[in-house]
Amino acid sequence: MLRDNHLNPFPVQGNLHGGENLGVRERIQYLEGTAPSSHESGDFLRLIVTQRGLRFLLSFFIFAFFLFFARSAHLQILETQKFQTAAERNRVRIVKIHPERGVITDRKGVVVAANRPQFVVTVTPGDIPKEEVARAQAIAGMSNLLEIPKEQIQEKIAAGATAPYEPVELSDSLDYERAMLLLVESESIPGLAVGLESRRVYPLDEPQRKIWAHVLGYIGALTPEEYAEKKGRYSLNDSIGKTGIEASHEDDLRGSFGTRRVEVDALAKAVGVLAEDPARAGKKLLLSIDADIQKALADALAENLQRVQAKRAAGVAVDPKTGEILALVSLPGYDNAVFLGGATRADYEALLNDKNLPLFNRVLSGEYPSGSIVKPVIATAALQEKIITSWTQFLSVGGIRISQWFFPDWKAGGHGLTNVRKALAESVNTFFYIVGGGLGEKTGLGPERIGRYLEAFGLGKKTGIDLPGERAGMVPTPAWKKETTGEPWYIGDTYHLAIGQGYLLVTPLQMAMSTAAVANGGTLYTPSLVYGLEDPQTGMVQYHQPSILNEKFVDKANLAIVREGMRDAVLWGSARRLSVLPIAAAGKTGTAQWSTTGKTHAWFVGFAPAQDPQIVVSILIEEGGEGSDAAVPVAEAVFRAWASTPHE
C-alpha cells in the first residue's frame, strides 16, 4: 500500500482526469506504463514541437548536408592537385642543378678564368621546424657544427624567407675531411645539407691576375635587388658578373639550370634520385687578347713607370683590320681573386682608398687631353677640306703671336718651312695652329669642322667596346663653352683644339681606334674583346664579326699622306727610337699639359708594319713627361712582342 505521500513518486495535488483523484490502481498502471493514453485520459503531456518547427529543422539538416557535400567535392575535385603537391613535397623535392660557368681563354687557348668543385653547406629555410623549441635546437646544432654564430645563421635564413625551398649557403670554405665529417653529422639536423658546387677561379699567378683584372673583372654574390630582378633565372646562392668581361658577357657565361627530382625522408634528407635533367654549362669565351702581348705591354708599362717615377698608366693594342683588342692593361691593377671569396670590407676599402685608383680602368674610362697624338686627325681634316695639299708649307719661327697672346712651338726658333709630313714627324705646332684656326688671309678649319672630323674618327662618343664603364670624352664646341663657362669662343681656343690641348678630352681606347682608322684606310671599327664563343655541348665556335662604326668619310689618298708623315716620325722625327725595330713602324708622340704644376702626360699612338698595318698601339703614362721618352719605349716592347709571336 502506498499511503504515504513522501513514498509516492508522483504525488498528485491537482485534478488530472476530470477532477478525479488517481487511485492506487491508476498509479500502478502509470508506473507500469499501462496508463491510458492522453487521447483516453486527457492532455497529460502536450507535443511541444510544432509542424512549422519540424519543417525548419528538416530544412536545416538538408542545408548542412549540402554544405558538407559541396566542401567535400571542392576538396576532392578542385583542390586535389594542391594537396597532392603538398603531400608530394613532403616526399619528393625538385632540386636545381647549378650550371658550370663558361671558361675564358686568350686567343691561343691560355685559360685565364676557370672553375673548380667546392664543398658547400646549405640550409633550406622551409625544412627547419616551425615549433619554437625544435627550431632553436636545429639552429644551435648548425652553429655548433659550422662554428658560425647563431645570429649569422638566422640572418641568412631570414634572407631566404621569400623562397623557403631554395637552399641558402652557409659556408663554402670546406676541405674534404671537414666536408665528410659534416656530411655525417648534418643528418640529424633538418634542412642542413653538404654538397659539391662549381666555383670560379682565376688560375694565373697573382702578378698576372693583376694585369688581367680590368679585362676579366670578377663575379660576386647577388644582391637582394639583383635577385629580385632576375628571379627565376638565378637562385639565392648564385654569383653574377660585377665588372669586366664577367659582367658584359654574363648571359653567355651563365649557362642554365638543370633539375633533379629527389626523394626525401622526414628530415628532408635526400634518399634517392627519381629523375634528372642536367644543367647546361655556359659558353666558352675565346678572347681576342694575346697573353704574350698582354704580358709584354704590362711589363713595359711597369718598367717605364718606375723609370720616369710615375704611378699610373694605360695601354691598348688593336687589330686595325677587325677592331679586335690584342692587349689591354691599366696600371695599377688589382687581384680580382680577392673578390671570389667575398672581399672583406677592409680589402674593399683599401682598394677604394688607394689614391692611384687600382679599380679604375684608365684605358676606357680615363679622360685626358690628347696632346699632339690628335694631329693625324687634324691633318686628315685639313687635306680632306682642301685647306692644304701635301706640298703646302708654312714657316715656323717658334710660334704665333695674336695681339698680346703668344702660341709657341715646342722648339725654340721654330722648325723652318714645314709641310704636312714634316709637321707630323716633328710635331710642329705652328703648322697646326694655321690649318686649325687660320692666320692672316689663310683660312683654317675652324672649331665646327674640327669637331665634325674628331667625331667622325670616334672622339667625343663611346666606342661601344664590350666592357662596362666606358666614358665618352669631350669634343668642345663654341656653344658648349658659352653654356658651360659663360664665355665666348676665342681664336686661342681653336689653336689649342688643333694641337690637342684646351677642353678636348679623349680616352686611350678612342685614340687607338681613331689611329686604327688612319692605319687601315678610313674604317672606324667597334672594338671587341671576344674572338669567339664556343658551345660546350657541340664544340661549335661562333666567331666575332667586325662591326663598322664609320667608313668612307675621308679619301684614302689623304690618309696615305698622313701615314707617310707618321712613318717619318719613326725614321727621323720624334719617335725615331722605333727605327731599330725588326719591322717598319709608324707613329705619333704626344705631350699633354693638364696642370700648371704637375708633369705632362706622355702619349704615343702608332702602328706596324707600316705598309700593311696589323697592330695599332695607344700608350699613356700619366705625368710621365715627354711622350718620346716615357711612352715610345713601351710601344717598342709591344711591337717586338708582336713581331716575335706567330700569327694566324
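Residues numbered from 1 in each chain as written. Predicted model: local features only at pLDDT ≥ 70, side-chain atom pairs only at ≥ 80, totals over all residues. Heavy atoms only, no water.

Q: Explain the overall build of the protein here, please?
A: Along its length, the protein carries 24 helices and 23 strands. Here the protein holds 648 residues, and the buried ones make up 48% of them. For the protein, the proportion of contacts with a sequence separation of at least 24, taken over those separated by at least 6, is 70%. Of the roughly 32500 Å² of accessible surface on the protein, a fraction of 55% belongs to carbon and sulfur atoms. (Helix = DSSP H or I, 4+ residues; strand = E, 2+ residues; numbered from the N terminus. Buried < 20%, exposed > 50% of the residue type's maximum accessible area, 1.4 Å probe, protein only. Contact = heavy atoms within 4.5 Å. Areas by Shrake-Rupley, 256 points an atom, 1.4 Å probe, with all protein chains shown as cover.)

Q: Which parts of the structure should I look at to understand the confidence of the model for the protein?
A: Close reading of the predicted structure is inappropriate where its pLDDT is low. Chain-level statistics for the protein give a pLDDT mean of 87 and a share of 87% at 70 or above. Throughout residues 1-24 the model reports pLDDT below 50, and contacts reaching past four residues in sequence, or to other chains, amount to 15 contacts. Taken together, the stretch residues 27-34 has pLDDT below 50 and engages in 11 contacts with residues farther than four places along the chain or on a different chain. (pLDDT = per-residue confidence, 0-100.)

Q: What am I meant to see in the packing of aromatic side chains here?
A: A ring pair, where both rings are aromatic, is described by two values, the distance of the centres and the angle of the planes. Applying the stated criterion to the full structure yields 14 aromatic pairs. A centroid spacing of 5.6 Å and a plane angle of 70° characterise the contact between Y531 and Y543, whose relative ring orientation is edge-to-face. Note that Y531 is positioned in strand β18 (residues 530-534) and Y543 in strand β19 (residues 541-543), a separation of 12 residues in sequence. Of the residues examined, Y543 reaches a relative accessible area of 46% and is grouped as partly exposed. Among the aromatic residues, those joined into a ring-pair cluster are Y218, Y334, F339 and Y348. R254 extends its terminal NZ or CZ atom over the ring of Y234, reaching a point 4.1 Å from the ring centre. (Phe/Tyr/Trp six-rings, centres within 6.5 Å; stacked < 30°, edge-to-face > 60°. Lys NZ or Arg CZ within 6 Å of the ring centre and 35° of its normal.)

Q: Help me understand helix α22 (residues 556-571), please; the structure alone is not making it clear to me.
A: Turn by turn, an α-helix covers 3.6 residues, leaving residues three or four places apart pointing in a common direction. Given a rise of 1.5 Å per residue, 16 residues ought to cover 22 Å, and the 22 Å separating the end C-alpha atoms of α22 matches this to within 8%. All of the buried residues in α22 are N558, L559, I561, V562, R563, G565, M566, D568, A569 and V570. (Expected span 1.5 Å × (residues − 1).)

Q: How should helix α12 (residues 291-307) be read in this particular structure?
A: Across its 17 residues, α12 extends 24 Å between first and last C-alpha, which sits within 8% of the 24 Å expected from 1.5 Å per residue. Restricting attention to buried positions, one finds in α12 the residues A291, I293, Q294, A296, L297, A298, A300, L301, N304 and L305. On the buried face of α12, the contacting elements are α8 (206-216), β11 (313-318), β12 (325-331), β23 (615-621), α23 (627-630) and α24 (632-643). Where α12 begins, one side-chain oxygen reaches toward the backbone nitrogen of D292, 2.9 Å away; that side chain belongs to D290. Downstream of α12 by one or two residues, Q309 has phi in the positive range, about 60°. (Polar contact = N/O pair within 3.5 Å; in protein donor to acceptor, adjacent residues only side chain to side chain.)

Q: How should the packing of helix α18 (residues 446-456) against helix α20 (residues 491-498) be read in this particular structure?
A: Helix-helix packing: each pair is described by the crossing angle between the helix axes and the interaxial distance. At their nearest, the axes of α18 and α20 sit 10 Å apart, and the two run at 25° to each other. The angle between the axes of α18 and α20 places the two elements in the roughly parallel class. With respect to the hand of their crossing, α18 and α20 are arranged in left-handed fashion. Listed contacts from α20 to G446, P447, I450 and L454 of α18 are T494, L497 and A498. Partitioning the contact of α18 with α20 into residue classes produces five nonpolar, two polar and no charged. (Axes fitted to C-alpha atoms, helices over the stretch in contact; angles between N-to-C directions. Parallel < 35°, antiparallel > 145°, perpendicular 65-115°, else oblique. Left-handed = near helix turned anticlockwise from the far one by under 90°. Nonpolar A, V, L, I, M, F, W, Y, C, P; charged D, E, K, R; others polar.)

Q: Sorry, what's going on with the packing of helix α15 (residues 375-384) against α18 here?
A: Running from N to C, α15 and α18 point in directions that differ by 115°, and their axes come no closer than 10 Å. Note on packing geometry: the crossing formed by α15 with α18 is right-handed. On α18, the residues that touch V377, I378, A381 and Q384 of α15 are I450, Y453 and L454. Residues belonging to the contact of α15 with α18 are distributed by class as follows: six nonpolar, one polar and no charged.

Q: Sorry if this is basic, but what is going on with the pattern of salt bridges here?
A: Using the criterion set out here, one finds 28 salt bridges in the structure. The partner of R199 in a salt bridge is E169, with the nearest N and O atoms 2.4 Å apart. Taken as a pair, R199 in strand β5 (residues 192-201) and E169 in strand β4 (residues 168-174) lie far apart in primary sequence, 30 residues in all. Note that R312 and E623 form a salt bridge whose closest N and O atoms lie 2.8 Å from each other. With R312 in the loop between α12 and β11 and E623 in the loop between β23 and α23, the pair connects residues that are 311 residues apart, well separated along the chain. Accessibility expressed as a relative area gives 15% for R312, which makes it buried. Overlapping salt bridges bring together R101, R200, E246 and E250 as one network. (Salt bridge = Lys/Arg side-chain N within 4 Å of Asp/Glu carboxyl O.)

Q: In this structure, what is going on with the pairing of β12? I would like to understand it.
A: The side chains of a regular strand alternate, first on one face of the sheet and then on the other. Extensive coverage of β12 is indicated by the burial of seven of its seven residues. Bridge count for β11 against β12 is six bridges, and the pairing is antiparallel. Pairing of G315 across the sheet is with V329, part of β12. Count of turn residues in the β11/β12 antiparallel hairpin: six residues, of which G323 carries a positive phi of about 85°. (Pairing = 2+ DSSP bridges.)

Q: Explain the nonpolar core to me, please; I cannot follow it from the model alone.
A: When a protein is soluble and globular, its nonpolar side chains tend to lie buried together. In this structure, W212, L454, I621 and F639 are the most contacted members of the largest nonpolar core, which totals 130 residues. Here the element with the most residues in this core is helix α21 (residues 508-520); it accounts for eight residues. Apart from residues no more than four positions distant in its own chain, L454 is found in contact with V374, V377, I378, L459, V475, L497 and L504. V121, I139, L170 and L192 belong to the second largest nonpolar core, which has 20 residues in total. (Core = buried A, V, L, I, M, F, W, Y, C linked by side-chain atoms within 4.5 Å.)

Q: Could you clarify how one ought to interpret the sheet that holds β12 in this entry?
A: The strands making up a sheet associate through hydrogen bonds between their backbones, and the pairing can be parallel or antiparallel. Spatial strand order, β12-β11-β23-β22-β21: five strands in an open sheet with antiparallel pairing. Looking at the sheet topology across the chains shown, the edges are occupied by β12 and β21 (586-592). On average, adjacent strands in this sheet sit at an angle of 5° to one another, irrespective of strand direction. Alignment of strand β22 (residues 601-608) against β23, held across seven bridges, turns out to be antiparallel. Counterpart to G606 in the pairing with β23 is V617. Running at roughly 150° to β23, α24 makes contact with β21, β22 and β23 of the sheet.

Q: Mind showing me how you'd approach unusual backbone geometry here?
A: Most peptide bonds take the trans form, and the phi angle of most residues other than glycine is negative. Looking along the chain, the bond that leaves L331 and enters P332 is cis, with omega of 0°. Residue P609 is reached from A608 by a cis peptide bond, and omega for that bond is -20°. A positive phi is found at E147, a non-glycine position, where the angle reads about 55°. Within the element layout of this structure, E147 appears in the loop between α5 (132-146) and α6 (150-159).

Q: Please explain the side chain of D493 as it appears in this structure.
A: Mapping D493 onto the fold places it in helix α20. With a relative accessible area of 13%, D493 lands in the buried category.

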